[in-house]
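The primary structure of each chain is shown beneath.
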Amino acid sequence: FPFIWFRLNKFFGLVPLIIGWLLFMFNSGLQYATKLWNPYPAPLLTLAAIYLLLITDFKKITRNNILLKILLGFLMGLIINFHTSFGIAFNLGVALFLIISNVRNNFLKERSLSFLMIALGFLISYIPFLLFEIRHGFNQIQTIINTAGKYGAVVTIKGLTPPQIAQEFIY
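Residues numbered from 1 in each chain as written. Predicted model: local features only at pLDDT ≥ 70, side-chain atom pairs only at ≥ 80, totals over all residues. Heavy atoms only, no water.

Q: Explain helix 4 (residues 42-55) to me, please; I cannot follow it from the model alone.
A: For an α-helix the count is 3.6 residues per turn, leaving residues at separations of three or four pointing the same way. Counted at 1.5 Å a residue, the expected span for helix 4 with its 14 residues is 20 Å, and the 20 Å between its end C-alpha atoms agrees. Among the residues making up helix 4, those that are buried are A42, L45, T46, L47, A48, A49, Y51, L52 and L53. (Helix = DSSP H or I, 4+ residues; strand = E, 2+ residues; numbered from the N terminus. Expected span 1.5 Å × (residues − 1). Buried < 20%, exposed > 50% of the residue type's maximum accessible area, 1.4 Å probe, protein only.)

So, in C-alpha cells, the structure goes:
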C-alpha cells in the first residue's frame, strides 16, 4: 500500500504526498493497521486507479495502453462494487477528467477507443454481479431502478415522530 503513495510522488510532489498519507492514516488508515485481516479495499483501489489514470497515454493506441485502459475500467467497476456512492462520484469524476483532457487534444478516434476499453474493463468487473442477478431474478437491479426513479422516501417503513423520539428517550 505505501508503494502506491511513493509512486504517486512523481505526479504530486513530496509535501502533498505526506499530507495525503497522514490524512489517510488518521482518518481511516488506522483500520488498516489494526485490522489487517479485513482491510477495506476502496481507498487502495482508488489510489491504483488514479495512478493508472495518470500513467496511461490516451493519445496512442498500443497494446500496453489498451491493457492499462481495461485495467482502469476494471478497477473503476470494483470501486463501485465496494463503495457505491463513492464509486459513482469517482467514476463521474474520471469520466469528466477524460472528456475534458481529450476534448482539448481533439483525438476523436483514440478517445472513443479509450472509452470503449475502459467500458470493457468495467463490464468485466460486473460479470459476477450480472450472473448473480440472472440467477436470483434481478432483485437488486429492480431496487436500483425503483430508488433512482422515485422521489422522496424509498422505504415504506417510517421512523419515529419527534414526540415518540422524546418519549422513547425519556423512558
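What follows picks up the thread again.
Q: Got a minute to help me understand the packing of helix 4 against helix 5 (residues 63-82) in this structure?
A: At a closest axis distance of 9 Å, the pairing of helix 4 and helix 5 adopts a crossing angle of 155°. One finds that helix 4 runs roughly antiparallel with respect to helix 5. The interaxial crossing formed by helix 4 with helix 5 has left-handed handedness. The residues of helix 5 that touch helix 4, namely those facing A42, L45, T46, A48, A49, L52, L53 and I55, are L68, L71, L72, L75, L78, I79 and F82. Across the contact of helix 4 with helix 5, the residue classes break down as 14 nonpolar, one polar and no charged. (Axes fitted to C-alpha atoms, helices over the stretch in contact; angles between N-to-C directions. Parallel < 35°, antiparallel > 145°, perpendicular 65-115°, else oblique. Left-handed = near helix turned anticlockwise from the far one by under 90°. Contact = heavy atoms within 4.5 Å. Nonpolar A, V, L, I, M, F, W, Y, C, P; charged D, E, K, R; others polar.)

Q: I keep staring at the packing of aromatic side chains and nothing clicks. Help me out?
A: The geometry of an aromatic ring pair is captured by the separation of the ring centres together with the interplanar angle, meaning the angle of the planes. Across all of its chains, the model carries three aromatic pairs by this definition. Pairing F86 with F90 gives two aromatic rings, centres 5.9 Å apart and planes at 20°, and the pair type is stacked. Taken as a pair, F86 and F90 lie in helix 6 (residues 84-105) at a separation of four residues, close to a single helical turn. Its relative accessible area of 35% is what places F86 among the partly exposed residues. Classification of F90 as buried rests on a relative accessible area of 12%. Ring plane angle 90° and centroid distance 5.7 Å describe the contact between Y126 and F129, whose orientation is recorded as edge-to-face. Under the relative-accessibility criterion, Y126 is labelled buried at 15%. (Phe/Tyr/Trp six-rings, centres within 6.5 Å; stacked < 30°, edge-to-face > 60°.)

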